[in-house]
Amino acid sequence: MRAVLSRNSGERRVCILHDISSLNQKVSKPVAKNEGSNNEEAPDAEQRPQSPAEGGDPEQKRSEESNKVLRNAERLLARFNQHRSKTLDTVSRCRDNRMKAKT
């Protein structure tokens, strides 16, 4: 029995790791074909690497992404705190109702 349970948990672990790795893969845009051009070696505008002047400051992009992550985390914490307070209120109300029923 123990061997079966260990094997099952190991298989679940492998499945979870596989799912996580599939989520981490980069999704790219489909390559648009140049219908009017016969020169297939010329890179598209989307495929051409951008210079720092065109793409903006990488530090600024990282800073914006960090700020976005922080805002999302703050929203999540606010939702957690709201849910926790509602849960504690419900538990308190149920406890009070139980105590009233006993007396």
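What counts, and at which threshold
- Residues numbered from 1 in each chain as written.
- Predicted model: local features only at pLDDT ≥ 70, side-chain atom pairs only at ≥ 80, totals over all residues.
- Heavy atoms only, no water.
- pLDDT = per-residue confidence, 0-100.
- Helix = DSSP H or I, 4+ residues; strand = E, 2+ residues; numbered from the N terminus.
- Contact = heavy atoms within 4.5 Å.
- Patch = residues over 30% accessible without salt bridge, like charges linked within 9 Å, V, L, I, M, F, W, Y side chains within 5 Å.
- Areas by Shrake-Rupley, 256 points an atom, 1.4 Å probe, with all protein chains shown as cover.
- Salt bridge = Lys/Arg side-chain N within 4 Å of Asp/Glu carboxyl O.
- Buried < 20%, exposed > 50% of the residue type's maximum accessible area, 1.4 Å probe, protein only.

## Focus on the confidence of the model for the chain
Part 1: Residues at a pLDDT of 70 or more form 67% of the chain, whose mean pLDDT is 75.
Part 2: Model confidence for the chain, summarised as mean pLDDT per element, is weakest for helix α2 (residues 52-55) at 52 and strongest for helix α3 (residues 58-102) at 90.
Part 3: Across residues 39-46, confidence stays below pLDDT 50; counting only partners more than four residues off in sequence or on other chains, it has 4 contacts.

## A look at a nonpolar patch on the surface
Part 1: On the surface, I16, L17 and I20 cluster together into a nonpolar patch covering about 290 Å² of accessible area.
Part 2: If you trace the backbone, I20 turns up in helix α1 (residues 2-24).
Part 3: For I20, a relative accessible area of 42% corresponds to the partly exposed category.

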